[in-house]
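The primary structure of each chain is shown beneath.
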Amino acid sequence: MCMHFLKTSVAVIFIASTSIASIAQNPFKPIPNEDWKNVTVLDSAFMRVEYKMTFRDALFYKSSNKEFPKTHVFTDKQYVSDMRIVEIGKTLRKDYSRNLEELEQDNRKLIDEGRDPRNLGKNYAYPYEYFVFNDGSVKTNARTLMSGPIIQFSEREDKIDWKLTGNSAEVCGRQCSEAKAQFHGRVFSAWFCSEIPVSSGPWKLGGLPGLILKAESDDGSYRWEMTGIEQGSWPIYEKQYNFQKCSEKEAGKLLEDIYAQPFVFMGKIGMKVMMPDGKGGVRSPGETENSISMYYNPLEKD
């Protein structure tokens, strides 16, 4: 069951400052996981598309401030970006973080050379990996906070009911048409290029008569825009981590709980966090830390 956490090896994290912004690791700067040796090839990609994905940062706030997630107005500096790669094959497509992939490959190289994998990276990453199959099934691999488990769940998706708006725009130097749809509790606008007859796009967005080059949610909290495209042949593979498998519903509840009480979560996975006690020593997290939450704005609202 998803709610039974896999224990990590006990790690001691020393926090040099007690300011809220530095109390816990930002979930969008995930710690690379080297606990994989094998990969499974699922398909062969004939096209690779890169998107810049922009989304709201996981800001820290006092849990007692119940209105913060509803009322906070995000500034441009409080949005972060990830570079996503979508590999499109005959039977499925894979959407993953280029930033995180490069980081893990660099650390794997250090391990193969007999060195410590200490490269934590500086770039943000949306810590989800999607495998969208042509039969309507989707498999998601999601990172949890710090060095917590990587959860995996599968689901089936209905076709998106897109409505053409009649609007057009130039995106990345290509003429695109606009379509809108309500999907997973959000309204999305997508600009697709019929000159690229591939019915795909970022995340789970697809089903249009052309490749989606740009998409955004109605509130602007999620945006994608293509930055590159190439054709060729590449294996679409899945790294074999020590997954914690669960249902989609269990995964949603787990992630919600993690953002609501990040320090409680770190304790549950066996991570020992120490911070200054103000007297020259250190202490374990207490009531102050356990009363801190992170802004949680899931891409899928239902």
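Above this text is the structure in question.
Fair warning: this is a prediction, and the values are worked out from it, not measured in the lab.

(A) Spotlight on the sheet that holds strand S9 (residues 163-171). Pairing is mixed in the open sheet, where 12 strands are placed in the order S9-S10-S11-S12-S13-S2-S4-S5-S6-S7-S8-S14. The open sheet has two edge strands with one neighbour each: S9 and strand S14 (244-245). Its contacts with the sheet put helix H3 (residues 248-260) on strand S6 (128-133), strand S7 (137-143) and strand S8 (150-156), and the angle it makes with S8 is roughly 140°.

(B) Structural detail: empty space enclosed by the protein. Here the structure, examined in full by the defined rule, presents 2 cavities of 30 Å³ or more. Approximately 150 Å³ is the volume attributed to the largest cavity. What lines the largest cavity is a set of 16 residues, and nearest its centre among them are Leu 100, Tyr 128, Glu 129, Arg 143 and Tyr 241. Only strand S5 (92-97), helix H2 (98-112), S6 and S7 provide two or more residues apiece to the lining of the largest cavity. Considering only enclosed or pocket space, the second largest cavity measures out at about 60 Å³ in volume. With 3 residues, H3 is the largest single contributor of residues to the lining of the second largest cavity. Grouping the amino acids of the lining of the second largest cavity by side-chain chemistry returns 7 nonpolar, 1 polar and 1 charged.

(C) Seen up close, the pairing of strand S12 (residues 211-217). The buried count for S12 comes to 5 of 7 residues, which makes it a mostly enclosed element. Looking at chain direction, strand S11 (residues 186-193) and S12 are connected through 6 bridges and run antiparallel. Bridge assignment links Ala 190 to a residue of S12, and that residue is Ala 215. Here S12 pairs with strand S13 (residues 222-239) via 3 bridges, running antiparallel. Counted as the bridge partner of Ala 215 is Trp 224 from S13. Linking S12 to S13, which pair antiparallel, is a turn of 4 residues; within it Gly 220 sits at a positive phi near 75°.

What counts and how
- Residues numbered from 1 in each chain as written.
- Predicted model: local features only at pLDDT ≥ 70, side-chain atom pairs only at ≥ 80, totals over all residues.
- Heavy atoms only, no water.
- Pairing = 2+ DSSP bridges.
- Helix = DSSP H or I, 4+ residues; strand = E, 2+ residues; numbered from the N terminus.
- Contact = heavy atoms within 4.5 Å.
- Axes fitted to C-alpha atoms, helices over the stretch in contact; angles between N-to-C directions.
- 1 Å grid on protein atoms, 1.4 Å probe; cavity = no way out; pocket = protein on both sides within 12 Å on 5 of 7 lines; lining within 4 Å.
- Points joined across faces, edges and corners; volume = space filled by probe spheres on them.
- Nonpolar A, V, L, I, M, F, W, Y, C, P; charged D, E, K, R; others polar.
- Buried < 20%, exposed > 50% of the residue type's maximum accessible area, 1.4 Å probe, protein only.

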